[in-house]
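# Analysis of the macromolecular model
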Amino acid sequence: MGKQMTEMLKGTLEGIVLALLAGKPAYGYEITTLLRAKGFSEIAEGTVYALLIRIEQKGLVDVEKRPSEKGPPRKVYSLNAQGGKELEEFWRTWRFLSERLEQLR
Amino acid sequence: MFIARMIDEKKRYRRYKTRTQQLPADYHTAIEALERYLMYFGPGKGEELLAMLEDLADLFDESAANRTPIRAIVGEDPVEFAEAFRRNYPVGQWIVREQERLTSAIDSVAREEKTT
């Protein structure tokens, strides 16, 4: 993954993860796997984890601890009402940006 | 009060240390390297520093259980990961002091500009 891609993803990864969680609740490892399946192949698991901590602190997701067969209990994240609003705002901003960028081509 | 808090924090730190020592060797080495970096640039307060380290230990516990390779946890650039992770926690007090100093220095210059 190129340097440019890494830089651009930094600003959009939060919106991408919120969009994934809008589909269904998931835990950290699942989210990374889902991202890989959607073509975001080289995102580090730790980067996703740091982002999940941030959106939890910002109150955009609800968190539920569920026991797992192996390892520590898993934190399952689901989008709440505030997270839903943030996601709408993300799509609005994205639309604005992509329209402006298209005009520059 | 102060002493009691210090003893409590020391206990928490020791618990964190024992916990990370139980990780497989390569995970342990990696988390120690991250801890060293975060001690320099992370939160200045014991309570916040501990919360950060415990979150980091959660990540490594889960990754070790899933056998996620170290490179897949921290990515191509470990400094970038450490920075993204650190930003979730309050910055050290000396950094806050310097940020306030910078803001007020620029404020006063900008004010001067307007009046002249």
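It should be emphasised that the depicted structure is a prediction, and the values quoted were computed from it without experimental measurement.

Below, the discussion takes up the overall build of chain B. In terms of regular secondary structure, chain B is built from six helices and zero strands. Walking chain B from its N terminus toward its C terminus, one meets helices and strands in the order α-α-α-α-α-α. The globule rule puts the C-alpha radius of gyration for 116 residues at 13 Å, and the 19 Å found for chain B is more than 25% above it. Principal-axis analysis of the C-alpha atoms places the extent of chain B at approximately 65 × 45 × 15 Å. Across the 116 residues that make up chain B, the buried fraction comes to 36%. Counted over contacts in chain B with a minimum sequence separation of 6, partners at least 24 positions apart contribute 73%. Just so you have it, chain B exposes about 7600 Å², and 57% of that area is on carbon and sulfur atoms. For chain B, the distance from the average site of its 18 positive side-chain charges to the average site of its 21 negative ones is 6 Å.

Mapped onto this numbering, the UniProt entry gives "domain: Transcription regulator PadR N-terminal" (unreviewed entry) at residues 17-89 of chain A. The span residues 17-89 of chain A carries 53% helix and 19% strand; its end-to-end C-alpha distance comes to 14 Å.

Let's shift gears to the pattern of salt bridges. Applying the stated criterion across every chain yields a total of 16 salt bridges over all chains. Asp58(B) is paired through a salt bridge with Arg19(B); the nearest N and O atoms lie 2.6 Å apart. Taken as a pair, Asp58(B) in helix α3 (residues 46-66) and Arg19(B) in helix α1 (residues 2-21) lie far apart in primary sequence, 39 residues in all. A network of salt bridges, in which partner residues are shared, links Glu14(A), Arg54(A) and Lys58(A).

A few words now on the nonpolar core. One finds Ile31(B), Leu34(B), Leu56(B), Phe60(B), Phe81(B) and Phe85(B) to be the most contacted residues of the largest nonpolar core, which totals 24 residues. Secondary structure elements with two or more residues in this core: α3 (45-57) of chain A together with α2 (25-41), α3, α4 (70-74) and α5 (78-86) of chain B. Looking at this core, the element that brings in the most residues is α3(B), giving eight residues. Here Ile31(B) is in contact with Tyr16(B), Thr20(B), Leu23(B), Leu56(B), Ala57(B) and Phe60(B), once residues within four sequence places are set aside. One finds Leu9(A), Leu52(A), Val61(A) and Leu87(A) within the second-largest nonpolar core, a separate group that totals 20 residues.

What follows is about the sheet that holds strand β3 (residues 74-79) of chain A. Residues and elements named next belong to chain A. The three strands are arranged β1-β3-β2 in an open sheet whose pairing can be described as antiparallel. In the strand order of this sheet, the two ends are held by β1 (26-27) and β2 (61-66), each with one partner. Bridging between β1 and β3 involves two bridges; their strand directions are antiparallel. Opposite Ala26, over in β3, you have Tyr77 as the bridge partner.

With a phi angle near 60°, Arg67(B) is a residue other than glycine that sits in the positive phi range. Here Arg67(B) lies in the loop between α3 and α4.

Moving on to α5(B). Those residues of α5(B) that fall on the buried side of the exposure criterion are Phe81(B), Ala82(B), Glu83(B), Ala84(B), Phe85(B) and Arg86(B). Packing partners of the buried residues in α5(B) comprise α3 of chain A together with α2, α3 and α4 of chain B. Between the side-chain oxygen at the start of α5(B) and the backbone nitrogen of Val79(B) there is a gap of 3.1 Å, and the oxygen is on Asp77(B).

At the interface, 20 residues of chain B touch 19 residues of chain A. Surface buried jointly by chain B and chain A totals about 1600 Å² across both partners, of which 53% is contributed by carbon and sulfur atoms. Considering only the side of chain B, the residues that lose the most area to chain A are Glu62(B), Asn66(B) and Asn88(B), jointly responsible for 33% of the buried surface there. Across the chain B-chain A interface, the total number found is zero salt bridges. For the pair chain B and chain A, the interface holds five residue pairs in polar contact (both at pLDDT 80 or more). Listing elements by their share of the side of chain B that touches chain A, those giving two or more residues are α3, α4 and α5 of chain B. By residue number, the principal contributor to the side of chain B that touches chain A is α3(B), which donates nine residues. Across the side of chain B that touches chain A, the residue classes break down as 10 nonpolar, five polar and five charged.

Here is what the cut-offs are and how they apply
Residues numbered from 1 in each chain as written. Chains lettered and ligands numbered in written order. Predicted model: local features only at pLDDT ≥ 70, side-chain atom pairs only at ≥ 80, totals over all residues. Heavy atoms only, no water. Helix = DSSP H or I, 4+ residues; strand = E, 2+ residues; numbered from the N terminus. Rg over C-alpha atoms; globule rule 2.2 N^0.38 Å. Buried < 20%, exposed > 50% of the residue type's maximum accessible area, 1.4 Å probe, protein only. Contact = heavy atoms within 4.5 Å. Areas by Shrake-Rupley, 256 points an atom, 1.4 Å probe, with all protein chains shown as cover. Lys, Arg positive; Asp, Glu negative; His and termini not counted. Charge placed at Lys NZ, Arg CZ, Asp CG, Glu CD. UniProt positions renumbered as here; feature names shortened; annotations may be inferred. Salt bridge = Lys/Arg side-chain N within 4 Å of Asp/Glu carboxyl O. Core = buried A, V, L, I, M, F, W, Y, C linked by side-chain atoms within 4.5 Å. Pairing = 2+ DSSP bridges. Polar contact = N/O pair within 3.5 Å; in protein donor to acceptor, adjacent residues only side chain to side chain. Buried area = accessible area lost by both parts, 1.4 Å probe. Nonpolar A, V, L, I, M, F, W, Y, C, P; charged D, E, K, R; others polar.

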